[in-house]
Amino acid sequence: QVQLVESGGGLVQAGGSLRLSCAGSGRTFSSYAMGWFRQAPGKEREFVAAIAWSGGRINYGDSVKGRFTISRDNAKNTVYLQMNSLKPEDTAVYYCAAARGDGGSNYSPRGGNEYDYWGRGTQVTVSS
C-alpha cells in the first residue's frame, strides 16, 4: 500500500509560480507511475500531468502544457509539480495519485480510474 501526502499549495498572484510536492510511503513507491490531478469547485476532476516510474514518459493535460513540469525523485519517494505562469483558472485542489498498472517503464496514465492510491489534496489559489 502507498500513502501520499501533498504539500506546497497556497495563494499566489497570476503570473507567479508554485512547486507542489507529493511524498509517498512504502518501499514500492518507485515502481508506481505518479500523476497530478486537480478539481475546482463545481467542476469535474481534471488530469494535469503524469510520469512513469522510470521517468521515461511524461504526459501533460492540454491546459497546463508548457507551463507545468512534473518530476520525481525515487530516492526520496517524492514527485513534484512545478507550476509557472499561473492563471486564475488554475485555482483548484491538487491531488497526487499512484498507479501500478502493468509496471511498464513508459506507463503514465491520464485516466483517473487507472490510479490506485490518492492523496488528500492541497489547495492552490491564483488571484487575478
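Being a predicted model, the structure only gives us computed values, none of them experimental. (Residues numbered from 1 in each chain as written. Predicted model: local features only at pLDDT ≥ 70, side-chain atom pairs only at ≥ 80, totals over all residues. Heavy atoms only, no water.)

Visitor: Honestly, the environment of Val79 in this entry has me stumped. Any pointers?
Guide: Along the chain, Val79 falls in strand 8 (residues 78-83). Each C-alpha atom, one on Val79 and one on Ser63, is 20 Å from the other, the two residues being 16 residues apart in sequence. Non-local contacts of Val79, meaning those with residues more than four positions away in its chain, are made with Leu20, Ser21, Cys22, Phe29, Met34, Trp36, Ile51, Ile70, Ser71 and Arg72. (Helix = DSSP H or I, 4+ residues; strand = E, 2+ residues; numbered from the N terminus. Contact = heavy atoms within 4.5 Å.)

Visitor: It is not clear to me how the state of the cysteines should be interpreted in this structure. Could you clarify?
Guide: Disulfides are covalent bonds that connect the sulfur atoms of two cysteines. Under the defined criterion, the tally for this structure stands at one disulfide. Here Cys22 is linked by a disulfide to Cys96, with a sulfur-sulfur distance of 1.9 Å. With the S-S dihedral at roughly 45°, the linkage between Cys22 and Cys96 falls on the right-handed side. Of this pair, Cys22 sits in strand 3 (residues 18-24) while Cys96 sits in strand 9 (residues 92-99); the two residues are 74 residues apart in sequence, bridging distant segments of the chain. When sorted by exposure, Cys22 lands in the same class as Cys96, which is buried. (Disulfide = S-S within 2.5 Å. Buried < 20%, exposed > 50% of the residue type's maximum accessible area, 1.4 Å probe, protein only.)

Visitor: Whenever I open this one, the sheet that holds strand 1 (residues 4-7) confuses me. Can you help?
Guide: As a general point, the strands of a sheet are linked pairwise by backbone hydrogen bonds and lie either parallel or antiparallel. In spatial order, the strands read 1-3-8-7; together these four strands make up an open sheet with antiparallel pairing. The sheet is open, and its two borders are formed by strand 1 and strand 7 (68-73), each paired with just one other strand. The average angle at which neighbouring strand axes cross in this sheet is 15°, direction not considered. In this sheet, strand 8 lies alongside strand 3 in antiparallel orientation, the contact comprising six bridges. Residue pairing in the sheet places Cys22 in a bridge with Val79 of strand 8. (Pairing = 2+ DSSP bridges. Axes fitted to C-alpha atoms, helices over the stretch in contact; angles between N-to-C directions.)

Visitor: Explanation requested: the pattern of salt bridges in the structure shown.
Guide: Oppositely charged side chains may form a pair once their charged atoms are brought near each other. Under the counting rule described, the total for this entry stands at four salt bridges. With a closest N to O distance of 2.8 Å, Asp90 and Arg67 form a salt bridge. Separated by 23 residues along the polypeptide, Asp90 in the loop between strand 8 and strand 9 and Arg67 in the loop between strand 6 (58-60) and strand 7 bring together distant segments of the chain. In this structure Asp90 comes out as buried when scored by relative accessible area, which is 1%. Salt bridges here are not isolated pairs; linked through shared partners, they connect Arg38, Glu46, Arg67 and Asp90. (Salt bridge = Lys/Arg side-chain N within 4 Å of Asp/Glu carboxyl O.)

Visitor: It is not clear to me how the packing of aromatic side chains should be interpreted in this structure. Could you clarify?
Guide: Each aromatic ring pair is characterised by the separation of its centres together with the angle its planes make. Across all of its chains, the model carries five aromatic pairs by this definition. A ring pair is formed by Tyr32 and Tyr117, whose centres lie 6.0 Å apart and whose planes are at 65°; its orientation type is edge-to-face. Of this pair, Tyr32 sits in the loop between strand 3 and strand 4 (33-39) while Tyr117 sits in strand 10 (residues 117-118); the two residues are 85 residues apart in sequence, bridging distant segments of the chain. Note on Phe37 and Phe47: the rings are 5.6 Å apart at their centroids and 70° apart in plane angle, and the pair reads as edge-to-face. One end of the pair, Phe37, is in strand 4; the other, Phe47, is in strand 5 (residues 46-51), with ten residues separating them in the sequence. Aromatic rings pair up to connect Phe37, Phe47, Tyr115 and Trp118 into one cluster. (Phe/Tyr/Trp six-rings, centres within 6.5 Å; stacked < 30°, edge-to-face > 60°.)

Visitor: Please explain the pairing of strand 5 as it appears in this structure.
Guide: For a regular strand, side-chain orientation follows a simple rule: the groups alternate between the two sheet faces. For strand 5, the buried fraction is high: five of the six residues fall into the buried class. Bridging between strand 4 and strand 5 involves five bridges; their strand directions are antiparallel. Residue pairing for strand 5: Arg38 is matched across the bridge by Glu46. Connecting strand 4 to the next strand, strand 5, in antiparallel fashion are six residues, including Gly42 with a positive phi near 75°. Pairing of strand 5 with strand 6, which is carried by three bridges, proceeds in the antiparallel orientation. Within the sheet, the bridge partner assigned to Ile51 lies in strand 6 and is Ile58.

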